[in-house]
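# Summary of structural features
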Amino acid sequence: MKKLIIINGPNLNLLGVREPEIYGSLSFTDFLDLLQKKHSNLQIDYFQSNIEGEIIDKLHEVGFSFDGIILNAAAYTHTSVGVGDAVKAIKTPVVEVHISNTFSRESFRHQSYISPHAKGVIIGFGLQSYELAIESLLK
Ligand code: DQA
């Protein structure tokens, strides 16, 4: 069974509550439940943290044994050399995802420290971005 993990960064624990006009009104745990049921042939782990170093630690932990990582580093995407370096340092392919279209938002969201080291980037399809990332890792 393939082992994937979704890693979500800061403030994504508030999905469903936070700015629903941008991020939708479904909580991530409800969405994850649907995703896991739909892909019952896969192990889909989940980790969320609001702390930069914890995200880096998790990337190190899974980055040499899992088959794929789906990473929404949220605001750290635009600020964290450390998370970008961690993605570069590990062996497991990382797909960078964003729920909103970051390029149609403020210019500081156009910069990503993750993208140069990611296998690919999926941006702007709402929670479906995560599903597209899973599909891309299975191909
Ligand atoms: C986000 C976009 C980021 O710019 C923002 O800081 C987030 C969420 C997204 O999924 O659309 O927290 O990564």
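Residues numbered from 1 in each chain as written. Predicted model: local features only at pLDDT ≥ 70, side-chain atom pairs only at ≥ 80, totals over all residues. Heavy atoms only, no water.

### Quick notes on the nonpolar core
Counting residues in hydrophobic clusters, the biggest one holds 22 residues, and the most contacted among them are I6, F28, I70 and Y130. Those elements giving two or more residues to this core turn out to be β1 (2-8), α2 (28-38), β2 (42-48), β4 (94-98) and α5 (128-138). When near neighbours in sequence (up to four residues on either side) are disregarded, Y130 contacts I6, N8, L12, F28, F31, I70, N72, V97 and I99. By size, the runner-up hydrophobic cluster in this structure holds 18 residues, among which are I7, I55, I69 and Y76. (Core = buried A, V, L, I, M, F, W, Y, C linked by side-chain atoms within 4.5 Å. Buried < 20%, exposed > 50% of the residue type's maximum accessible area, 1.4 Å probe, protein only. Helix = DSSP H or I, 4+ residues; strand = E, 2+ residues; numbered from the N terminus. Contact = heavy atoms within 4.5 Å.)

### Remarks on the packing of helix α3 (residues 52-62) against helix α4 (residues 81-89)
Packing of α3 against α4 brings their axes to within 9 Å, and their N-to-C directions diverge by 0 degrees. Between α3 and α4, the angle falls in the class roughly parallel. Seen from α3, the contacting residues are E52, I55, I56, L59 and H60; seen from α4, they are G82, V83, A86 and V87. (Axes fitted to C-alpha atoms, helices over the stretch in contact; angles between N-to-C directions. Parallel < 35°, antiparallel > 145°, perpendicular 65-115°, else oblique.)

### A word on the site of the ligand
Around the ligand, the neighbouring residues are R18, Y23, N72, A74, A75, H78, H98, I99, S100, T102 and R109. N72 has a polar side-chain atom sitting 2.8 Å from an oxygen atom of the ligand. Between the ligand and S100 there is a distance of 2.6 Å, counted from an oxygen atom to a side-chain nitrogen or oxygen. Out of a free accessible area of 320 Å², the ligand has 98% covered by protein chains. Grouping the amino acids of the shell around the ligand by side-chain chemistry returns 4 nonpolar, 5 polar and 2 charged. (Near = heavy atom within 4 Å. Polar contact = N/O pair within 3.5 Å; in protein donor to acceptor, adjacent residues only side chain to side chain. Areas by Shrake-Rupley, 256 points an atom, 1.4 Å probe, with all protein chains shown as cover. Nonpolar A, V, L, I, M, F, W, Y, C, P; charged D, E, K, R; others polar.)

### A look at the pattern of salt bridges
Opposite charge on two side chains permits them to pair, given that their charged atoms come into close proximity. According to the stated counting rule, one finds 6 salt bridges in the structure shown. Between R18 and E19 there is a salt bridge, with its nearest N and O atoms 3.6 Å apart. The exposure class assigned to R18 is buried, which follows from its relative accessible area of 18%. Given the relative accessible area of 35%, E19 is considered partly exposed. The partner of D33 in a salt bridge is K37, and the shortest N-O contact between them spans 3.2 Å. Placement of the pair is D33 and K37 together in helix α2, with a separation of 4 residues, close to one helical turn. Look at K37 and you get exposed, because its relative accessible area is 61%. Three or more residues joined by partner-sharing salt bridges are found here, namely R105, E106 and R109. (Salt bridge = Lys/Arg side-chain N within 4 Å of Asp/Glu carboxyl O.)

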